[in-house]
Amino acid sequence: MSMEITNVCEYEEIAKRKLPKMIYDYYASGAEDQWTLKENRNAFSRILFRPRILIDVSNIDMTTTVLGFNISMPIMIAPTAMQKMAHPKGEYATARAASAANTIMTLSSWATSSVEEVASTGPGVRFFQLYVYKDRNVVRQLVKRAERAGFKAIVLTVDTPRLGRREADIKNRFTLPPFLTLKNFEGLDLGKMERTDDSGLASYVASQVDRSLSWKDIKWLQTITSLPIIVKGIMTAEDTRLAIQAGVAGIVVSNHGARQLDYVPATINCLEEVVKAARGQVPVFLDGGIRRGTDVFKALALGASGVFIGRPVVFALASEGEAGVRKVLQMLRDELELTMALSGCTSLKEITRNHIMTKTDMPQTLSRL
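The residue numbers shown here count from 1 along each chain, following its written sequence. Totals for whole chains, interfaces and linings use every residue, but because this is a predicted model, local features are given only for residues with pLDDT of at least 70 and side-chain atom pairs only at 80 or more, for both listing and counting. Side-chain metrics rest on all non-hydrogen atoms present in the structure, leaving aside hydrogens and water.

A.B. asks: Account for the packing of aromatic side chains, naming residues and giving values.
C.D. replies: Working definition: a ring pair exists when centres of Phe, Tyr or Trp rings (six-membered ring for Trp) sit within 6.5 Å. Plane angles under 30 degrees give stacked, over 60 give edge-to-face, the rest tilted. Applying the stated criterion across every chain yields a total of 9 aromatic pairs. When the centroid spacing of 6.2 Å and the interplanar angle of 85 degrees are considered together, the rings of F128 and F151 count as edge-to-face. Of this pair, F128 sits in strand β6 (residues 126–130) while F151 sits in the loop between α6 (136–148) and β7 (153–157), and the two are 23 residues apart along the sequence. Classification of residues uses two cut-offs on accessible area relative to the type maximum, computed with a 1.4 Å probe and protein chains only: under 20% is buried, over 50% is exposed, and between them is partly exposed. By relative accessible area, which is 0% here, F128 ends up buried. With relative accessibility at 3%, the residue F151 sits in the buried group. Ring-over charges, as used throughout, are those where CZ of Arg or NZ of Lys falls within 6 Å of the ring centre and within 35 degrees of the ring normal. The aromatic ring of W220 is capped on one face by R136, whose charged end is 5.6 Å from the ring centroid. Secondary structure elements follow DSSP: runs of H or I of four or more residues count as helices, runs of E of two or more count as strands, with numbering from the N terminus.

A.B. asks: I'd like a rundown of the pattern of salt bridges, residues and numbers included.
C.D. replies: Should a side-chain nitrogen of Lys or Arg be within 4 Å of a carboxyl oxygen of Asp or Glu, the pair is scored as a salt bridge. Counted under the stated rule, the structure contains 15 salt bridges. The partner of E4 in a salt bridge is K327, with the nearest N and O atoms 3.5 Å apart. Residue E4 is found in the segment before α1 (10–18), and its partner K327 is found in helix α13 (residues 311–343); the two are separated by 323 residues along the sequence. With relative accessibility at 62%, the residue E4 sits in the exposed group. In this structure K327 comes out as partly exposed when scored by relative accessible area, which is 25%. K144 is the salt-bridge partner of E147, the closest N and O atoms lying 3.3 Å from each other. Taken together, the residues span about one helical turn, with E147 and K144 both in helix α6 at a distance of 3 residues. For K144, a relative accessible area of 33% puts it in the partly exposed group. By sharing partners, the salt bridges in this structure join R136, D210, K216 and D217 into a single network.

In structure tokens form, the structure reads like this:
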């Protein structure tokens, strides 16, 4: 019997032992030198707490609303591709775990389970992540299927006009294992997207992402769906203002898990700039590097309305299936609750910028840390 898992990071080691190298590397790696991959984590360690004491913290409320949906905590599941590579139940297990935790799951359009299959697992608030393809008819069909399956928002990934250079995947000659397929593309009229075999389909679909995607396409997307559109992959004030002008319903500050452009800052270091530019007009969320309840608290203190977790889900899935994903959500929830109690916050709205200090707030002696 292995030692009891006491934190989210421990699942990565287990996943590394369990998974074939090609699959572990696909989930774990970042772009090029992987500087941003490390920085997504390291940046959190440079933010320190200013806890307030002697506050009655016998009742702590972590509930929140996202786009009008009530959830149990500000921790949601980010879209990650091809989860059946991690575990045979894949996205089914993730959907059930999210639903049990009363939080939101985002399904990748490159999932190994379809929107209908995920919907069949039972009730739950689910968002659908979308890439825009050269063939707009394919996009139309994907969005319609997500709508019909009861998905509540479109999360449009906007940082991927081309796939980043992930050298582990090049070395491993990454392909989708032969017994899996990208289920959301099955049964679509792929038109120009001629069908190859299933592992060919994955690289083919990736090659069909539209490099010409621009702000006008967000306007077009609004004409084909009534679902709210959240844009994922914004890191600057300038793009935040443009997104709000385009009428988006929310923003995810994301660097694609450090898998796209290397040497962009950690998302936690871009968050405050985006939040200030958004001026409360739309909610701002964060993904990238969340492994502890303290990380969640820091994001909330810098103005995030909630966070999304990606790799912790696939690593827990690989380790223990649905039970692993449930445990990750529970551990992060428990840690956030403890951090709130020890910081003197009894609800999310009480978490303020004054509860943390970043390098810019620190006296000289401390900033040398």
